[in-house]
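Structure at a glance
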Amino acid sequence: MNNLAFHESGDLGTPPGNESETLTLIPVAAAANFHRNQPPQARKSQFVMADNRNGNGKPTKGAGAGNNPYAIDLNVFSQRLKALYSHWNEHPELWDSCEVIAIATPPQSDEIRYLKSSALQMWMVGYDVPDTIMVFMKKHIHFLGSQKKVSFFQGVKKAAKEAVGVDLVTHVKAKSDDGGALMDAVLGVIRAQPRADGHDTVVVGRIAREEPEGNLLKLWFEKLKSATVQLGDVTNGLSDLFAVKEKEELGDIKKAAYLSSVVMQKMVTKLENVIDDEKKVTHSSLMDETEKLILEPSKVGLKLNPQNVDICYPPIFQSGGKFDLRPGAASNDECLYYDRASVIICAIGSRYHNYCSNAARTFLIDANSIQSKAYDVLLKAHAAAISELKPESTASAAYLAALSVVEKDAPELLPNLTKSTGTGIGIEFRESGLNLNGKNDRVLKAGMVFNVSLGFHNLQSGISNSKQQNFSLLLADTVVVNDDKPEVLTAKVSKAVKDVAYSFNEVEEKPVKGKGPANGTEALISKTNLRSDNSEKSKEEQRRHHQAELARQKNEETARRLAGDAPGSGNNRSTAKSSADLVAYKNVNDLAPKRDLMIQVDQNNEAVLLPIYGSMVPFHVATIRTVSVQAESASTNQASYIRIIFNVPGTPFSPHDTNSLKNLGSIYLKEVSFRSKDTRHINEVTQVIKNLRKRVVSRENERAERATLVTQEKLQLAGNKFKPLRLNDLWIRPVFGGRGRKIPGILEAHANGFRYSTSRQDERVDVMYGNIKHAFFQPAENEMITLLHFHLHNHIMVGNKKTKDVQFYVEVMDVVQTLSGKRSAYDPDEIEEEQRERARKNKVNTEFRTFVSRVQDLWQQPQFEGLELEFDQPFRDLGFHGVPYKSSAYIVPTTNCLVELIENPFLVVTLAEIEIVNLERVGLGQKNFDMAIVFKDFKKDVLRIDSIPSTSLEGIKEWLDDTEIKYYESRMNLSWKPILKTITEDPQSFLDNGGWEFLNLEGTDSDSEQSQESDQGYEPSDMESESESEDDSSDSASLVESEDDDEEDSEEVSEGEEGKTWEELEREASNADKEKGNESDSEEERKRRKMKAFGKGRAPPAGGIPKRSKLRR
C-alpha cells in the first residue's frame, strides 16, 4: 500500500490560495525529490513541512478501507475522538472553557512547518488534509472543504456517532464559491449552542498562534471575528492531549530514533574517513548525503518502508567557528574544518509515520584543555537532565539539574549555557507547553517523550585563528519517560569522551597524574589515532581491551542473574503417564466371551488376555514392557515359552506416578511365562502384541507431545479484507508423516499468521506471527534451494512431529546425473541447461524476495509492533565450516543468530542468549579447533561446533567481538557438564574466584603442564604430528562426546527399543558409498557426485572468513 501525500494542485509550485479543486495524490518519492532538488538557500532556516512531502502518516488499515489507499483507520479515529472529547470535558480550563473548537488547517506549503491544526488531523485520521475547517461541538462535528476532501471524511460518520454520540455534518465548497454562505450556516449553529455558566456569548476556541492563510481561512477568520462569539485559545488543551503517547505512537518514535541513530553512525564513519584521508567536503554535501540515507533506509541496512520515512529538518553539519545551535540552522557551503583544536557538530532528525526523533553529537579534534573541560561538564549536565525525566517530577527539574552541574563544575560557562534543556517531541518537533526550562512546573507523566538538547554557544578556545577561536558544543537525545527510569532511544550513538575525541598523534596521549581534565590543565585522551601506522597491531590491542571490558560486564551480568535465580531441582524428566489412565475395559461385561484358555489379543480394546488360574485376566498392552519367545528344544521343537515382562513402578526406567505413590503397598506382577506346544500360535500372538504395543506407544508419545504444546491463537484468514500473500509449489521440512508420494504445497500470509497446505486435507500447518522468534530468508547462491525458515518460541506439530523449526523451500536446480561420462564445457546442451538453471534460480529468488518484502510491510502494522518481526538474511562472507551435530556444515551468522539452514537437523542459535564462547584446541600445529557455546540458561546443554578450520579463527574472533560476545581460548577441550553443575551449585564461589576468568588463556599458560595432570575438568585432545598426512589428520580430529548421549544410549537399550533394520542399514551404507565415491576419484569428482546424489549440496568457499576492514573506535 503506497503512502501518499495530499496536494491540492497538479503543480507543486502553485501559490497558496490558487489551487485547483482536484485532489491529486503524489507519491512520496516525487515530493521528496522536489525538496532535494532545491538549492540550500531555498531550505535555509526553515523546517520543511515533512507532512506535505511524505504522505502525512502511516498507511491506514481501517475497517471498510477496501483498496482505498487513503482510507481512515476507524478504530484509531474512534479511540482518539473519544480521547479528545473526554479531555475537553474533564479539563475545561486547558481549553479556555470553550463550548466550540474551531480548527482551520492552512493550504499546502512547500516550506516545512509544524502546525497544531495539521498535527490534530494526523493524530486523528493519519493525514494532513489542508485548506479545510473542522468545528467540534458537543453534539455535532462540522467539516467544510472541497468535494474530494469531504468525501474523504464521509466514512467516519458512523464511527463518530458510535464513539462520542455526535453527528458529522459536511459542507461541500464548490470550485466557483468562496464558501461564505456555508460559513454563515456553521456560525448560525455555533451561536445556537448552549452557553456555559457565566458566559454571555458562546466561546469558540481556536489555535491563536496560527495566522489564517489562503482565501478560505482568511474569510473564515473575518466572519469569526465579526460574529457575536467570544474567541478563546485551545493551544494548551491540544498540547496536553498530545503529551502522553500511546503504545503505537511510542513504537513509531522508537523506529524514527533508531533510524536517526543508525544514520548518525554511518555519517560518523564518513567523517572519520574524510578526516583520515584529508578530503575536502562541504557541509551542504554532507547534509545532502545524510538526507538521502534517511529517505532510503535500505542504504543503512534497515527494512523500513521509505514512503513512511522523512526528515524533521535538513541535517546539520557545522565547523570552522560558525555555529548555530537551533534546529532550523543551515549547513553552509564551506568545507568541513578539522584542524587541531577544531569542533564539528552534527545534528540529525528523522520521522517515521509523522513522529519525530532527534540526535545531536559534538566531535573534538585534538581538543585543548578548555574544550575538554567544557565537553566534560556538558556531558555531565546532559546526563543529569535526563535522569530527572521521571513521573511526578516537573519539567523545570531537568533544567535545574543541568544548571546545578554547570554551577558546580564550571560557573564561568553559565552565560553560554542554552536557556532550556529541550522540549517535548512527537508529531510536532517542538511541543508547546513541554519546554524543559527553569520556569515550567508542568508535571511529567509516563509516556511523554522529550528531545533533551543542551549546549554551550560562543565559547572562546584561546586560539587566535578565526576558525578555531569560537566554538560551540551540542548534545541531543530522544528520551521516553517510563515508570522506572528514562529510556534514551538514541543511545546507540555514543557520546562518551572516548568515542567523540580524535587525535592526529601517532601515540595516544597519557593522562598526567592528578585530578584529571576538570582542573583545566590537561587535554582529553583521544579515542582514535587517525593516522596510525600500526593499524593491525592497534586493531588487535583494541579487540583485547574490548574483550576485557566485555569480561567485566559479563561477570557482573552473570552475578546479577545467578543472584536472582532460585536453585532448581534440575530434573527435566517428563512425568510418566499415570497407571490409573490405562483402562482396558471399563466394565466386566465388556470382556470378550470366554473361549479356550489361550492367550488372546483384543486389538479393539488394546488388551492382552492371559489365562491365570482358569480365568482370562486382561492387561492393557501399555503395561507390557517386552515380550519374547524361546523354544524349549532346538532339536525337537515340541514346545515354546512365551515370556511377558511388565512395567513395574519404582524401577529405574518405570518411575512412580501419582497413582502408584498413593498405593505404595500395592503388589505388582513383574513377569509371566507360558508354555505351549502350539508354536505357530505363540509366534503369532507375540507378533500381534509387539505391533499393537508399538502402535499404542507411538500414539501415546504423540499425545504426550501435543499435551506439552502451548495453545496457539486461531488463524484469522484474510477473507475479503485483503488477498493473502502467496508462494506456490513449496516443500516443507520436517515433512509430513504417512505413506504415499510427497506433494508440494502453498504458503499463504494471513492476518495473524502463515498457513501451509497441500491438496491433502490432513496436511496443513499454521505458523502464528506471535510464535515466530526468528524469521530467515536465504536465497540460493551456492546452494540448490531457496528457503524461508521460521524458528519458533513454542513447539508446534508438523504431522506427528513436534518441532520448533519449520522451513519452506524450493529446489532451484534439478537433480540430474550424467550417465554418458564427462561432457564438454562447450556442449550446447550443457550450456543451455546451465542457462535454464540460472534463469530458474533468479526467478525463484525474485519470487521469494517479493513475498518477503510484502510480508515485511505487513509486519510494520501497529498490531505487530511488539513482536519486532523481520526477516534476517545470512552473511555468507562471515560463514565457516564446522560440525554442529554429526556431519560437516557451512555455518553462517545473521544479524541476531548463528544458523545452518540447509542440513537437517537445523542450527539456530540466538546471539542474545549466549553467555560466553570458548574456542577450544586453539594452538600452533592444530589445523582445526572447536567452539563451545555456553548459554545464559545454565540448564541448557553447551552447544559444540567441532572441526572448524584454523584459517577461520581470526574472522570468528573479529565477528564475536563486533557482536559484543565475550570469547575465551583454550588449548584443550573442556567437560562442560561438571563445570556448569559446579557453578549452579555454588555461584558465590564461582563469582569470588573471578567468574569466567578461569578460562583466560593468558592467565593460565604458565600452569598448563600442571593443569593437564591435575584438572579433572579437562580432556586432552590428540596432537597431530607433522609427518601425518592431511587425510589422517582430518579423520583424527577429536570430538568430545557428552555424557548425556551415553545415558540416552544405555536407556534406549535397557528399555528394549528396537534398532534399525538390516534394510535401513544397507540403505545407509549404500548412500555413504555414493557420497564417498571410489578412493581413486578426485576430490572434485566426489564433491560433484555428492551434490547430484542429494540435490541439496552446496560448495561454500573453502577459505576462511575474509577480514573486514573497519576503523575501530
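1. Brief notes about the overall build of the protein
Secondary structure summary: the protein contains 29 helices and 44 strands in total. Out of the 1113 residues in the protein, the part that is buried amounts to 48%. Residue pairs at least 24 apart in sequence account for 68% of intrachain contacts in the protein once pairs closer than 6 positions are excluded.

2. Topic: helix H7 (residues 157–164)
Working note: α-helix, 3.6 residues per turn, so residues spaced by three or four point in the same direction. Residues of H7 that are buried: Ala 159, Ala 160 and Ala 163. Summarising the axial view, the buried residues of H7 lie within an arc of 100°, below the 170-degree limit, and thus occupy one face. Residues of H7 that are exposed and point over 90 degrees away from its buried face: Lys 158 and Glu 162. Where the residues of H7 are buried, they touch helix H4 (74–90). Following H7 by one or two positions, Gly 165 has its phi on the positive side, about 75°.

3. Some points on the environment of Ile 667
Structurally, Ile 667 is set in the loop between helix H18 (658–662) and strand E26 (671–676). Ile 667 sits 19 residues away from Val 648 along the chain, and the two C-alpha atoms are 9.5 Å apart.

4. As for the sheet that holds strand E37 (residues 897–900)
Read from one edge of the open sheet, 4 strands run E35-E36-E37-E38, paired in antiparallel fashion. Each end of this open sheet is capped by a strand with a single partner; those strands are strand E35 (880–882) and strand E38 (907–910). Within this sheet the neighbouring strands show an average axis-to-axis angle of 25°, counted without direction.

5. Thoughts on the packing of aromatic side chains
For the structure shown, the criterion picks out 23 aromatic pairs. Judged by centre distance (6.3 Å) and plane angle (40°), the ring pair of Phe 754 and Phe 851 falls under tilted. One end of the pair, Phe 754, is in strand E29 (residues 753–757); the other, Phe 851, is in helix H20 (residues 828–859), with 97 residues separating them in the sequence. On the basis of an interplanar angle of 35° and a centroid distance of 5.2 Å, the ring pair of Tyr 756 and Phe 808 is categorised as tilted.

6. Here we look at the packing of helix H5 (residues 116–125) against helix H10 (residues 235–243)
It is the contact of H5 with H10, at a shortest axis distance of 11 Å, that shows an interaxial angle of 40°. With respect to each other, H5 and H10 are oriented oblique. Of the two elements, H5 crosses H10, and the hand of that crossing is left-handed. Residue-level inspection shows Lys 116, Ala 119, Leu 120 and Trp 123 of H5 in contact with H10, the latter providing Thr 235, Leu 238, Ser 239, Leu 241 and Phe 242. Classifying every residue of the contact of H5 with H10 gives 6 nonpolar, 2 polar and 1 charged.

7. Section: the pattern of salt bridges
Taken as a whole and judged by the stated rule, the model has 41 salt bridges. Arg 755 serves as the salt-bridge partner of Asp 766, at 2.7 Å between the closest nitrogen and oxygen. On the criterion of sequence distance, the pair formed by Asp 766 in strand E30 (residues 764–768) and Arg 755 in strand E29 is long-range, its members being 11 residues apart.

8. Brief notes about the sheet that holds strand E28 (residues 745–749)
Strand order in the open sheet formed by 8 strands is E30-E29-E28-E27-E33-E32-E31-E34, with mixed pairing between adjacent strands. Each end of this open sheet is capped by a strand with a single partner; those strands are E30 and strand E34 (871–872). In the sheet, E29 pairs with E30 via 5 bridges, with the strands oriented antiparallel. Bridged to Ser 757 within E30 is Arg 764. Most of the contacts of H20 go to strand E27 (residues 725–733), to which it runs at about 115°, and overall it touches E27, E28, E29, strand E31 (772–778), strand E32 (785–798), strand E33 (801–811) and E34.

9. Focus: the side chain of Lys 116
Its place among the elements puts Lys 116 in helix H5. Setting aside residues no more than four positions away along its own chain, Lys 116 makes contact with Ile 207, Glu 210, Thr 235, Leu 238, Ser 239, Glu 428 and Ser 432.

10. A closer look at unusual backbone geometry
A cis amide bond links Arg 733 to the next residue, Pro 734, at an omega of 0°. Turning to its location among the elements, Pro 734 is positioned in the loop between E27 and E28. In this structure, Pro 905 follows Asn 904 across a cis peptide bond, with omega equal to 5°. Within the secondary structure, Pro 905 is located in the loop between E37 and E38. With phi around 55°, Asn 458 is a residue other than glycine that occupies positive phi space. On the secondary structure map, Asn 458 appears in strand E16 (residues 449–460). Backbone geometry at Asp 729 places phi at a positive 55°, although glycine is not the residue there.

Parameters at a glance
Residues numbered from 1 in each chain as written. Predicted model: local features only at pLDDT ≥ 70, side-chain atom pairs only at ≥ 80, totals over all residues. Heavy atoms only, no water. Helix = DSSP H or I, 4+ residues; strand = E, 2+ residues; numbered from the N terminus. Buried < 20%, exposed > 50% of the residue type's maximum accessible area, 1.4 Å probe, protein only. Contact = heavy atoms within 4.5 Å. Arc of directions from axis to C-beta. Pairing = 2+ DSSP bridges. Axes fitted to C-alpha atoms, helices over the stretch in contact; angles between N-to-C directions. Phe/Tyr/Trp six-rings, centres within 6.5 Å; stacked < 30°, edge-to-face > 60°. Parallel < 35°, antiparallel > 145°, perpendicular 65-115°, else oblique. Left-handed = near helix turned anticlockwise from the far one by under 90°. Nonpolar A, V, L, I, M, F, W, Y, C, P; charged D, E, K, R; others polar. Salt bridge = Lys/Arg side-chain N within 4 Å of Asp/Glu carboxyl O.

Take it as geometry only, folks, not as evidence of what the structure does.
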